[in-house]
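Here is how the chains run, residue by residue.
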Amino acid sequence: MEYVDLLMNWYPGHHRDLPWRNTRDPYAIWVSEIMLQQTRVAAVIPYYERFLKELPDVSALAAVSDDRLLLLWQGLGYYSRAKNLKKAAGIVCERFSGRMPDRYETLLTLPGIGSYTAGAIASIAYGERVPAVDGNVLRVYARLTNDPSDVADPKVKTRVFDALSAVMPNDPGMFNQAFMELGATVCVPNGQPLCGDCPLKDVCKARAAGTAGLLPNKVPKKPRTIEDRTVFALYEWGAPLLLKRPDKGLLGGLYELPNVPGMLSTAEAAAWLTARGLHPLGDLMRYTAKHVFTHIEWHMRVYAADVAGEGVKDFIRSDGSQSIPTAFAVCLADRSV
Ligand code: SF4
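Residues numbered from 1 in each chain as written. Predicted model: local features only at pLDDT ≥ 70, side-chain atom pairs only at ≥ 80, totals over all residues. Heavy atoms only, no water.

### Points about the pattern of salt bridges
Opposite charge on two side chains permits them to pair, given that their charged atoms come into close proximity. In this structure the tally under the stated criterion is 13 salt bridges. Salt-bridge contacts for E227 lead to R229; the nearest nitrogen and oxygen are separated by 4.0 Å. Accessibility expressed as a relative area gives 29% for E227, which makes it partly exposed. Close ionic contact of E297 with K290 constitutes a salt bridge, the shortest N to O distance being 3.8 Å. Since its relative accessible area comes to 12%, E297 is described here as buried. Given the relative accessible area of 55%, K290 is considered exposed. Shared partners join several salt bridges into a network, and the residues in it are R16, R21 and E181. (Salt bridge = Lys/Arg side-chain N within 4 Å of Asp/Glu carboxyl O. Buried < 20%, exposed > 50% of the residue type's maximum accessible area, 1.4 Å probe, protein only.)

### Quick notes on the site of the ligand
Around the ligand lies a shell formed by R143, C187, P193, C195, C198, K201, C204, R207 and A212. Of the residues that constitute the shell around the ligand, the class distribution is six nonpolar, no polar and three charged. (Near = heavy atom within 4 Å. Nonpolar A, V, L, I, M, F, W, Y, C, P; charged D, E, K, R; others polar.)

### Points about the environment of L194
Within the secondary structure layout, L194 lies in the loop between α11 (172–185) and α12 (205–209). Residue contacts for L194: discarding those within four places in its chain leaves T185 and V186. (Helix = DSSP H or I, 4+ residues; strand = E, 2+ residues; numbered from the N terminus. Contact = heavy atoms within 4.5 Å.)

### Focus on the packing of aromatic side chains
This model, assessed by the stated rule, comprises nine aromatic pairs. Judged by centre distance (5.1 Å) and plane angle (75 degrees), the ring pair of F293 and W298 falls under edge-to-face. For the residue pair F293 and W298, the accessibility class agrees, reading buried in each case. An aromatic cluster is present here, built from Y3, F175 and F179 joined pairwise through their rings. (Phe/Tyr/Trp six-rings, centres within 6.5 Å; stacked < 30°, edge-to-face > 60°.)

### With respect to the domain arrangement of the chain
Here the chain is described as being made up of domain 1 (2–214) and domain 2 (225–317). Each of domain 1 and domain 2 was reduced to a C-alpha centroid, and the two centroids are 39 Å apart. Taken together, the contacts link five residues of domain 1 with eight residues of domain 2. Across the domain 1-domain 2 interface, the total number found is zero salt bridges. (Domains from an automatic or database assignment.)

### A closer look at α11
Across its 14 residues, α11 extends 20 Å between first and last C-alpha, which sits within 8% of the 20 Å expected from 1.5 Å per residue. In this fold, the buried residues of α11 make contact with α1 (2–14), α8 (115–126), α9 (135–144) and α10 (154–167). (Expected span 1.5 Å × (residues − 1).)

### Describing the packing of α1 against α11
Remark: α1 packs on α11, axes separated minimally by 9 Å, with the N-to-C direction vectors making an angle of 80 degrees. In this view, α1 runs roughly perpendicular relative to α11, as classed from their interaxial angle. Across from Y3, V4, L7, M8, W10, Y11 and P12 in α1, the residues of α11 making contact are M174, F175, Q177, A178, F179, E181, L182 and T185. Looking at the contact of α1 with α11 residue by residue, the class counts come to twelve nonpolar, two polar and one charged. (Axes fitted to C-alpha atoms, helices over the stretch in contact; angles between N-to-C directions. Parallel < 35°, antiparallel > 145°, perpendicular 65-115°, else oblique.)

### A closer look at α8
With twelve residues, α8 extends 16 Å from end C-alpha to end C-alpha; this agrees with the ideal 16 Å at 1.5 Å per step. Among all positions in α8, only Y116, T117, A118, G119, A120, I121, A122, S123, I124 and A125 are buried. Downstream of α8 by one or two residues, G127 has phi in the positive range, about 75 degrees.

### Thoughts on the nonpolar core
Side chains of nonpolar character tend, in soluble globular proteins, to be buried together. Core analysis: the biggest nonpolar cluster contains 91 residues, and Y3, W30, F51, L61 and F175 have the highest contact counts within it. Composition of this core by domain shows at least three residues from each of domain 1 (2–214) and domain 2 (225–317). For Y3, the residues in contact, after removing those within four places along its chain, are Y141, L144, L164, V167, F175, F179, L200 and V203. By size, the runner-up hydrophobic cluster in this structure holds 15 residues, among which are F232, L234, L241 and A305. (Core = buried A, V, L, I, M, F, W, Y, C linked by side-chain atoms within 4.5 Å.)

Listed below in structure tokens is the structure:
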């Protein structure tokens, strides 16, 4: 396939010098790929370096405390990724004597490892001839073949996986990285591919047809669900009062400002405090804030107050001497929300 050779010749002289490109360590590749899900490369680099320094191998990750792990991850978001990493590390230690499995199919059995990540680890670390199909690859392939199919359709992903499997060259790790890199730096999203700089420009069907800017085709997603919440930014002697969320579910195990569903009026918020043995020392200040998750948007009414009362003992008092992984930092650093 002509485009395979063009891509393989282009990659060595054009890829970015990223820390995870200089290793064949399956553990390091795994950590980088999980961090890169939903997160920009520039944001990931310092997290990746700190994470590997502190947890250099699977057994260190399996043994780390949940709180330490969340601290290492704090700021990257999508915390279930970190939890799955640790869970999978435990399984690797137990079932595979601490060595990352070297087959695509086996990697797929680990929590948090899907087809793309398994393909990346298996091909880059172990040279298995298997594709790693992510959004970048789907986009490049849709343009290269001028295919208007909906790239969010799992059947399209399977089709691309099969097509790439059939043309996989001798260095599958380089091939997969070249595809991803082209998508990240040249065949970029949002209708702006840099076709003039592209090694595939002479074989690209979308470029020939003038449709590159219109592809890939994506059926619009459902809008996010909007939830109203009332959040309490309560302070005892200037220290925020926090609660720990249940271990399972959204933002599981993180610390948060106390909050309840719905928009409470000032009188209802005052009654909520009284019911918990708290009384405000001064006015109950009211603010608004918004927090956006993947599928949900919290529209928040925030009540802030210095408080006293026996109910304080039911909260975790963050006096700043320890760093706490918070579900959301609203109000913690700055009381003017
Ligand atoms: Fe993408 Fe343009 Fe290259 Fe085609 S020629 S693969 S549209 S950058």
